[in-house]
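# Summary of the model geometry
Listed here are the chains, written in short residue letters.
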Amino acid sequence: MSLRQRLGVNIDHVATIRNARGGVQPDPVEAALLAVKAGADGITAHLREDRRHIRDEDLIRLRSSLRAPLNMEMAATEEMVGLACGLKPHACCIVPERREEVTTEGGLNVAGQAVSLAPMVRRLTDKGIRVSLFVDPVAEQIAAAAAVGAAVVELHTGAYALGADGEIARLKTAALQASSLGLEVHAGHGLSFGNVAPVAAIPQIVELNIGHFLIGQAIFDGLPAVIQEMRRLMDAARNTLP
Ligand SMILES: CC(=O)[C@@H](O)[C@H](O)COP(=O)(O)O
Ligand SMILES: NCC(=O)COP(=O)(O)O
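Being a predicted model, the structure only gives us computed values, none of them experimental. (Residues numbered from 1 in each chain as written. Chains lettered and ligands numbered in written order. Predicted model: local features only at pLDDT ≥ 70, side-chain atom pairs only at ≥ 80, totals over all residues. Heavy atoms only, no water.)

### Thoughts on the site of ligand 2
With respect to spatial proximity, the complete set of residues near ligand 2 consists of Asn10, Thr44, Glu73, Phe134, Glu154, Gly188, His189, Gly190, Asn209, Ile210, Gly211 and His212. Here a nitrogen atom of ligand 2 sits 2.7 Å away from a polar atom, N or O, in the side chain of Glu73. Between an oxygen atom of ligand 2 and a main-chain N or O atom of Gly211, the distance comes to 2.7 Å. Coverage of ligand 2 by the protein chains reaches 92% of its 310 Å² of free accessible surface. Taken atom by atom, the bulk of ligand 2 overlaps the largest pocket. Looking at side-chain class alone, the shell around ligand 2 contains 2 nonpolar, 8 polar and 2 charged residues. (Near = heavy atom within 4 Å. Polar contact = N/O pair within 3.5 Å; in protein donor to acceptor, adjacent residues only side chain to side chain. Areas by Shrake-Rupley, 256 points an atom, 1.4 Å probe, with all protein chains shown as cover. 1 Å grid on protein atoms, 1.4 Å probe; cavity = no way out; pocket = protein on both sides within 12 Å on 5 of 7 lines; lining within 4 Å. Sits in = over half its atoms within 2 Å of the grid points. Nonpolar A, V, L, I, M, F, W, Y, C, P; charged D, E, K, R; others polar.)

### Structural notes on the environment of Ile17
Residue placement: Ile17 occurs in helix 1 (residues 12–19). Here Ile17 falls in the partly exposed class, since its relative accessible area comes to 42%. Residues Ile17 and Pro28 lie 11 residues apart in sequence; the distance between their C-alpha atoms is 9.5 Å. (Helix = DSSP H or I, 4+ residues; strand = E, 2+ residues; numbered from the N terminus. Buried < 20%, exposed > 50% of the residue type's maximum accessible area, 1.4 Å probe, protein only.)

### Structural notes on a nonpolar patch on the surface
A cluster of nonpolar side chains, contributed by Ile17, Ile219 and Phe220, occupies part of the molecular surface with about 360 Å² of accessible area. When you line up the elements, Phe220 lands in helix 10 (residues 212–221). (Patch = residues over 30% accessible without salt bridge, like charges linked within 9 Å, V, L, I, M, F, W, Y side chains within 5 Å. Salt bridge = Lys/Arg side-chain N within 4 Å of Asp/Glu carboxyl O.)

### Topic: the state of the cysteines
Taken as a whole and assessed by the stated rule, the structure comprises 0 disulfides. For the unlinked cysteine Cys92, the closest cysteine sulfur is that of Cys85, found at 7.6 Å. Owing to a relative accessible area of 0%, Cys92 belongs among the buried residues under this scheme. With no disulfide partner, Cys93 has as its closest neighbouring cysteine sulfur the one in Cys92, 8.8 Å distant. Taking the relative accessible area as the measure of exposure, Cys93 reaches 0% and is therefore buried. (Disulfide = S-S within 2.5 Å.)

### So, the UniProt feature "active site" (unreviewed entry) in the protein
With numbering matched to this structure, UniProt assigns "active site" (unreviewed entry) to His46, Glu73 and His189. Over a stretch of 144 residues, the named residues converge on one spot in the fold, their C-alpha atoms separated by at most 12.4 Å. Of the annotated positions named here, the largest pocket is lined by His46, Glu73 and His189. Mapped onto the fold, His46 is located in strand 2 (residues 42–46). Ignoring sequence-local partners within four residues, the contact set of His46 consists of Asp12, His53, Ile54, Glu73, Met74, Val95, Glu97 and Thr104. Here His189 shows up in the loop between strand 7 (184–188) and helix 9 (196–200). Non-local contacts of His189, meaning those with residues more than four positions away in its chain, are made with Thr103, Thr104, Phe134, His156, Thr157, Gly158, Ala161 and Asn209. (UniProt positions renumbered as here; feature names shortened; annotations may be inferred. Contact = heavy atoms within 4.5 Å.)

### Notes on the packing of helix 2 (residues 28–38) against helix 11 (residues 223–238)
Contact geometry for helix 2 and helix 11: axes closest at 9 Å, N-to-C directions at 45°. As far as their axial angle goes, helix 11 and helix 2 are oblique. With respect to the hand of their crossing, helix 2 and helix 11 are arranged in right-handed fashion. On the side of helix 2, the interface is formed by Ala31, Leu34, Ala35 and Ala38, while helix 11 contributes Leu223, Pro224, Ile227 and Gln228. Taken together, the residues that form the contact of helix 2 with helix 11 break down as 7 nonpolar, 1 polar and no charged. (Axes fitted to C-alpha atoms, helices over the stretch in contact; angles between N-to-C directions. Parallel < 35°, antiparallel > 145°, perpendicular 65-115°, else oblique. Left-handed = near helix turned anticlockwise from the far one by under 90°.)

### Let's talk about the site of ligand 1
Taken together, Asn10, Asp12, His13, His46, Arg48, His53, Glu73, Val95, Thr103, Thr104, Phe134 and His189 make up all the residues around ligand 1. In this structure, Thr104 approaches ligand 1 through a side-chain N or O atom, which is 3.5 Å from an oxygen atom. Separating an oxygen atom of ligand 1 from a side-chain N or O atom of His189 is a distance of 2.5 Å. Within the complex, 92% of the 350 Å² of free accessible area of ligand 1 lies under protein. Classifying every residue of the shell around ligand 1 by side-chain character gives 2 nonpolar, 7 polar and 3 charged.

What follows is the structure in structure tokens.
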């Protein structure tokens, strides 16, 4: 199987640099258009409650100017569900947020909040938005994601990226379970040139969302080049599949 795996480019940290001086450069929307032109299959943008990087107006401009799928990452709040239902991106990925965190620290506790999540998933789905839940590769969370009606799970690869033992095995098991439940399987967080191949080679994973590493490496090599290299590494990993 060498089903081509999609690459979603997360442009959060273009906005981090822009916000550092409060101006308009570098423009995350310009980065998104350049990323798609370079081969990205979609764009991911995380509208955090504290707007530390992506801002509401960025999402509005992305929605009106992108000709590729826009995946809006958001917390499970009424504010964000309302914004998403108004914006109607191609997809939403619900992620946990803690104001003090430097970055996303873990997966969404779907099992522990299924009662409140299910109607949010339904509202978004009823607007034609593909709903993904960002979860740790844990059987209970994946089963809960299917139970609340999500179409997709995005497996948190943060522990894997930090070198935790046995993580790639957990990701493989989780991807198989999710696929067997009819969920589309994505993965992301902390992926880089150096660690992407084993995750890309997991057959059931059909999309990777990658941002921080790509934006950082783009400072040295340029955004098109780093996207094309990530694309090459993903394709090479997929081509090892039977
Ligand atoms: C959910 C995830 O892993 C990232 O896409 C998320 O955007 C991380 O948040 P920061 O971009 O603020 O680090
Ligand atoms: N959901 C993962 C994502 O969008 C990008 O995460 P990272 O590559 O910025 O760590």
